[in-house]
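Breakdown of the fold
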Amino acid sequence: MKNSRPAAPRNALLEHLNLFPIRAVAARYTRADAGADMKASVNVALLTFPMGMAFALMAGLPVQIGIIGCAVSAVVGPIFSGTRFLAFGPSNATAVMLLSALAAAGAETADARMALLPTIVFLVGVFMVLASVFRVANLVQYISRTVVTGYITAAAVLIMANQLPNLLGITLRGSEGTFSSVAMCTLRQWREAHPASLALAAGTLVVYLLVRRFLPKLPDMSIALVASCGLMFAVNWWNDYFHGGASQTVATLADFGLEEFRFAFPDMSLSALNSAFSAAMAIAILGMIEASSIGKSVAARAGERFDCNQELFGLGAANLACGLFGGMQASGSLTRSALTFASGARTAFSGIFSGVILFGALFGTGDLMHFIPKPALAALVMFAGTRLINLKAIRLVTSATLGDRAVFLLTLVCGLVAPLDVAIYFGVGLSIILFLRKTSTPEIVEYGYNDRGELAEKTRGDVSGTPEVSIVHIDGNLYFGSAEIFRDQLRRMLANPNLRVLILKFRNAHHLDATSAMLLEELVRSAHAAGRGIIICEVRAEVYRVFRAAKLVSVIGRENIFRDMPSNLTLSASRAIRHAYKLLGGKEARVSIYAKAKPEPAAE
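This is a predicted model, so every value here is computed, not measured.

Bringing the overall build of the protein into the picture now. A tally of regular secondary structure across the protein gives 22 helices and nine strands. Within the protein, the fraction of its 604 residues that count as buried is 49%. On the protein, roughly 29500 Å² of surface is accessible, and the fraction owed to carbon and sulfur atoms is 61%.

Shown next, in the form of structure tokens:
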């Protein structure tokens, strides 16, 4: 009999993650899967190649950086995510945030941007991997969609503003990268616009729209860029024939070679980390939001489960690789993810095949980039920017509530006048403030029986010398944000000279923390010193654990605490009321009930 060695225990932090899920996919891979995946990968690669160039142009980077980001993330991401639901690569939203971050860091030259880029992208990967390890991927659902709508709208406006100079054939002087700065510089220099560049951009956009309208199954961006090369040839012929080559030529993209793709560890100096940290955190948050929403949407269409933490682990690995090989940051793309699914991809290998095709196109077309006019690509990018503006979502968030309107406008305005990562933080901050304000202002109103025997809200004039037992329904959150208000309301009740016993019903009290426990202890001691009794009933197990850990049981008195009985919902309160009459020595008492205020009836 062979001796079997016990398997090494897995790290508890990593037990929910599969560190190399592509192995399981490869173990059951078939020739039919390979055929379907290859077909899908070709379709996705044809779309991704021009989009990679567009993303790089959005971020103010050489076009090959966008293609490298698409290729590297397409190969690495699926290896560590193991699913086909998310197409990895740059996105419009993260590309324009990268542009804003580079500008805010003072990276004005191409060399400065290229030096800081790997640090930002690598940090994005670190944040995402840590988020997947500590299972915080699902927490992004608590970031208000209103914030995302405001950010995306600001990003769309910034995309169009930044590409307008390229479309007009002018080079801005003194721009700081924000919308207000770009708009002012463009207005000052608009007279320098190059008519040929504008005409070429218009022609390219017409071709693109015609292909989208009449040939929707074909790669519209690729066809439009090829057509722009023909238009470029016509413009150059016109210039040579009628102007003898004397007029200004149209700007084109720069060629690149194999040396652009190389391994290099990012600059992790304190100065670089200081410049990159805030932007990397904001890009990581936005990337998590995009990946989660897109992946869940595509997985739902397939009727399969989507593991946010595993997918985020793959996305983090993709960003780490992009940081090491000089590519743009990776996120999730709705267009490419939907195309992958619609093209019949069966496994994660479809993304890997797409990345390999992109590498081939990258190395095979590098010396042909000078045929592509920059105004043509700028026109396509600007059109993509217009599609980011969701008027339906904007109408919804600006009309739903006053808080939503304030969050949207703050995020939008910050995005237009400040770096986009600042807009994310301001929007999220205001959302949290409004949420805390909403959940930390319980309104407790006193109810009692009127002369007709009906339970109704009592008025300030309902005061008599009869001893009183007040029953308070604690309904809501008792965390630090609401503790002070909770204490103040109970203090007002304890100020009633007729009050003898206060019964607190805790069944619907949630999230009791140390702050609430300390304030509750203060109230109990104050009530006992004034000769008032405090009884707490319907105490659930988790609340009792907090009481016991905070030593509140001895302060309140074990005989004054009545545990909740799920099998008999009225038993705990009945025992508390009987105990209250016992504390009164059997005297007659008036009973008042305090509960959340009834909402006003909706207007017809």
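Membership of the largest hydrophobic core comes to 108 residues, with the highest contact counts inside it found for Met53, Leu61, Leu98, Ile120, Tyr151 and Met328. The leading source of residues in this core is helix α10 (residues 270-302), at 13 residues. For Ile120, the residues in contact, after removing those within four places along its chain, are Leu98, Leu102, Ala276, Ala280 and Ile283.

This part is about helix α16 (residues 402-417). With 16 residues, α16 extends 22 Å between its outermost C-alpha atoms, agreeing within 8% with the 22 Å of an ideal straight helix rising 1.5 Å per residue. Those residues of α16 that sit buried are Val407, Phe408, Thr411, Leu412, Cys414, Gly415 and Leu416.

For the structure shown, the criterion picks out 13 aromatic pairs. Three or more aromatic residues joined by ring pairs form one cluster here, namely Phe261, Phe263, Phe325, Phe359 and Phe363. The positively charged end of Arg563 is found above the aromatic ring belonging to Tyr544, 4.1 Å away from the centroid.

Right, let's talk about the side chain of Gln64 for a bit. With respect to the secondary-structure elements, Gln64 resides in helix α3 (residues 63-81). We classify Gln64 as buried; its relative accessible area is 6%. Filtering out sequence-adjacent residues up to four positions away, Gln64 remains in contact with Phe256, Glu260 and Leu362.

As a further point, take the pattern of salt bridges. Between side chains of opposite charge, a pair can form as their charged atoms come close. With the rule as written, the count across this model stands at nine salt bridges. A salt bridge links Arg212 to Asp220; the shortest N-O distance between them is 3.6 Å. Looking at Asp220, the relative accessible area reads 11%, which means it is buried. Glu542 serves as the salt-bridge partner of Arg540, at 2.1 Å between the closest nitrogen and oxygen. Take Arg540: its relative accessible area is 15%, and that puts it in the buried class. Within the structure, one salt-bridge network assembled from shared partners comprises Lys505, Arg507, Glu538 and Asp564.

A few words on helix α22 (residues 571-583). Along its 13 residues, α22 runs 18 Å from first to last C-alpha, staying within 8% of the 18 Å computed at 1.5 Å per residue. Along α22, the positions that sit buried rather than exposed are Ser572, Ala573, Ala576, His579 and Ala580. With its buried residues spanning 120 degrees around the axis, α22 presents them on a single face. Along α22, exposed side chains directed more than 90 degrees from the buried face belong to Arg578 and Lys582. Looking at the buried side of α22, the elements it contacts are β5 (468-477), β6 (499-510), β7 (533-539) and β8 (561-563).

This part is about the side chain of Ser73. Checked against the element boundaries, Ser73 lands in helix α3. On the basis of relative accessibility, which here comes to 0%, the residue Ser73 falls in the buried class. Of note is the side chain of Ser73, whose polar atom sits 2.6 Å from the backbone oxygen of Gly69. Ser73 has contacts with Pro78, Phe88, Gly89, Ala318, Cys322 and Ala330, leaving out every residue within four places of it along the chain.

About the thresholds
Residues numbered from 1 in each chain as written. Predicted model: local features only at pLDDT ≥ 70, side-chain atom pairs only at ≥ 80, totals over all residues. Heavy atoms only, no water. Helix = DSSP H or I, 4+ residues; strand = E, 2+ residues; numbered from the N terminus. Buried < 20%, exposed > 50% of the residue type's maximum accessible area, 1.4 Å probe, protein only. Areas by Shrake-Rupley, 256 points an atom, 1.4 Å probe, with all protein chains shown as cover. Core = buried A, V, L, I, M, F, W, Y, C linked by side-chain atoms within 4.5 Å. Contact = heavy atoms within 4.5 Å. Expected span 1.5 Å × (residues − 1). Phe/Tyr/Trp six-rings, centres within 6.5 Å; stacked < 30°, edge-to-face > 60°. Lys NZ or Arg CZ within 6 Å of the ring centre and 35° of its normal. Salt bridge = Lys/Arg side-chain N within 4 Å of Asp/Glu carboxyl O. Arc of directions from axis to C-beta. Polar contact = N/O pair within 3.5 Å; in protein donor to acceptor, adjacent residues only side chain to side chain.

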